[in-house]
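What the coordinates show
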Amino acid sequence: RLDATNALWNPLVSVITSISLDHTHILGDTKEAIAAEKGGIIKYKVPVVVGPNAYYQSIAQLAKKNEAKLIRVSDPHASYDEENNAIARAVIEQLPLKNVEPLGLKMNLPCRFEVIAYKGKTFVLDIAHNPDGVEKFFETLKKRFSIGQVACYTAFSEHKDYKSSFSVAERYTENLHIFSDNHPRLLT
């Protein structure tokens, strides 16, 4: 409703990938409240694509109110990047383009499960910043690698639900290292 993404007044399609408890200090402290805020992006008669974790009922009501075609990506996916690719493909199907295969679907975007080998060790970078995202990151890590001992290095903004995110990470890791710096929003 108040998001910067609403700067586009006449989009070809709107997209809501997921709803989780994030930005609660701005959007509300329940998934229903957050869905109502995120649903503010839905425009009159503009198709809206939603992911499987987008709190469907609230979004469906807003789509109906705006006479917007609702496309739900609901198939289970092995990992969140496969889910994001499925959402992107559903969006592309709504665009007036033919035979398009976006480059972004073919490449691993930086800091989204980015695998780096350094000095004989494997590092996986990810920008998960809420408990749901952290959970999906570790689920994907387990599926892609036969992992033994894992160390997690993280930093969080102070307004994020870092305590719950840390609780998720602790279930999967041997060591949890928390970084802080002089950034004004960083948890210290």
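Residues numbered from 1 in each chain as written. Predicted model: local features only at pLDDT ≥ 70, side-chain atom pairs only at ≥ 80, totals over all residues. Heavy atoms only, no water.

1. A closer look at the overall build of the protein
Applied cut-off: Comment: elements are numbered from the N terminus, with helices defined as DSSP H or I runs of at least four residues and strands as E runs of at least two. The classification of residues rests on relative accessible area computed with a 1.4 Å probe and restricted to protein chains. Under 20% of the type maximum is buried, over 50% is exposed, and intermediate values are partly exposed. Should any heavy atoms of two residues lie within 4.5 Å, those residues are counted as being in contact. Only the protein chains shown count as cover for residues, with accessible areas throughout obtained via the Shrake-Rupley method and a probe of 1.4 Å.
Check the secondary structure of the protein and you find six helices and seven strands. Taking all 188 residues of the protein together, 34% fall into the buried category. For the protein, long-range pairs separated by at least 24 residues make up 53% of all intrachain contacts whose partners lie at least 6 apart in sequence. For the protein, the accessible surface area stands at approximately 12,200 Å², while carbon and sulfur atoms represent 52% of it.

2. Describing a nonpolar patch on the surface
Spelled out, the test is: Residues enter patches when their relative accessible area tops 30% and they take part in no salt bridge; the joining distance is 9 Å for like charges and 5 Å for the nonpolar side chains Val, Leu, Ile, Met, Phe, Trp and Tyr. When a carboxyl oxygen of Asp or Glu lies within 4 Å of a side-chain nitrogen of Lys or Arg, that pair is called a salt bridge.
Together, Ile116, Tyr118, Phe123 and Leu125 make up a nonpolar patch on the protein surface, roughly 340 Å² of accessible area in all. Those elements giving two or more residues to the nonpolar patch turn out to be strand 4 (112–118) and strand 5 (121–126).

3. Regarding the pairing of strand 4
We count it as follows: Should DSSP find at least two bridges between two strands, the strands are taken to pair.
In this sheet, strand 5 lies alongside strand 4 in antiparallel orientation, the contact comprising six bridges. Bridge assignment links Ile116 to a residue of strand 5, and that residue is Phe123. The turn joining strand 4 and strand 5, which pair antiparallel and follow one another in sequence, is formed by two residues; a positive phi near 50 degrees is taken by Lys119.

4. Overview of the packing of helix 4 (residues 80–94) against helix 5 (residues 131–144)
Threshold: In this analysis, axes come from line fits to C-alpha atoms, helices being fitted only over the stretch in contact, and the angle between any two N-to-C directions falls in the range 0 to 180 degrees. In what follows, roughly perpendicular refers to angles from 65 to 115 degrees, roughly parallel to angles under 35, roughly antiparallel to angles over 145, and oblique to any angle outside these ranges. Polarity classes work like this: nonpolar for Ala, Val, Leu, Ile, Met, Phe, Trp, Tyr, Cys and Pro, charged for Asp, Glu, Lys and Arg, and polar for all others, with Gly in that last group.
Interhelical geometry of helix 4 versus helix 5 gives an angle of 110 degrees and a closest axis separation of 9 Å. It follows from the interaxial angle that helix 4 and helix 5 lie roughly perpendicular. Between helix 4 and helix 5, the contacting residues are Tyr80, Asp81 and Glu83 on the first element and Lys136, Phe137, Thr140 and Arg144 on the second. A class-by-class count of the residues in the contact of helix 4 with helix 5 yields two nonpolar, one polar and four charged.

5. As for the packing of aromatic side chains
Cut-off, in case you're wondering: Within 6.5 Å between ring centres, the rings of Phe, Tyr and Trp (the latter by its six-membered ring) count as paired, and their orientation is classed by plane angle as stacked under 30 degrees, edge-to-face over 60, tilted in between. Criterion for a charge above a ring: Arg CZ or Lys NZ at most 6 Å from the ring centre, at most 35 degrees from the ring normal.
What the rule picks out here adds up to four aromatic pairs. With 5.0 Å between their ring centres and 70 degrees between their planes, Phe137 and Phe138 make a pair best called edge-to-face. Ring geometry for Phe138 against Tyr172: centres 4.8 Å apart, planes inclined by 5 degrees, an arrangement best described as stacked. Here the residue Phe138 occupies a position in helix 5, and Tyr172 occupies one in helix 6 (residues 162–172), the gap between them amounting to 34 residues. Each residue in the set Phe137, Phe138 and Tyr172 is aromatic and connected to the rest through ring pairs, giving one cluster. Across the ring face of Tyr56, the terminal group of Arg72 is positioned such that the distance to the ring centre comes to 4.1 Å.

6. Remarks on helix 6
Selection criterion: Note that the arc is defined by the directions from the helix axis to the C-beta atoms.
Among the residues making up helix 6, those that are buried are Ser165, Phe166, Val168 and Ala169. Across the axial projection of helix 6, the buried residues extend over an arc of 160 degrees, all falling on one side. Exposed and facing more than 90 degrees away from the buried side of helix 6 are Lys163, Glu170 and Arg171. Those residues of helix 6 that are buried lie in contact with helix 5, strand 6 (151–154) and strand 7 (175–178).

7. A look at helix 4
This is how the line gets drawn: Here the expected length of a helix is defined as 1.5 Å per residue gap, with one fewer gap than residues.
Look at helix 4: 21 Å from first C-alpha to last across 15 residues, which is about the 21 Å you get at 1.5 Å a residue. Turning to helix 4, its buried residues number three or more, namely Tyr80, Glu83, Ile87, Ala90, Val91, Ile92 and Gln94. Among the structural elements, strand 1 (14–18), strand 2 (48–53), strand 3 (70–72), strand 4, strand 5 and helix 5 are those in contact with the buried residues of helix 4.

8. Describing the pattern of salt bridges
Per the counting criterion, the structure on display carries three salt bridges. Measuring nitrogen to oxygen at the nearest pair gives 3.7 Å for the salt bridge that ties Lys45 to Glu67. Linking Lys45 in the loop between helix 2 (31–38) and strand 2 with Glu67 in the loop between helix 3 (56–65) and strand 3, this pair joins segments that are 22 residues apart in sequence. For Lys136, the salt bridge identified is with Glu83, shortest N-O distance 3.8 Å. Within this pair, whereas Lys136 is found in helix 5, its partner Glu83 is found in helix 4, the two being separated by 53 residues in sequence. Among the residues examined, Lys136 registers a relative accessible area of 23% and is labelled partly exposed.

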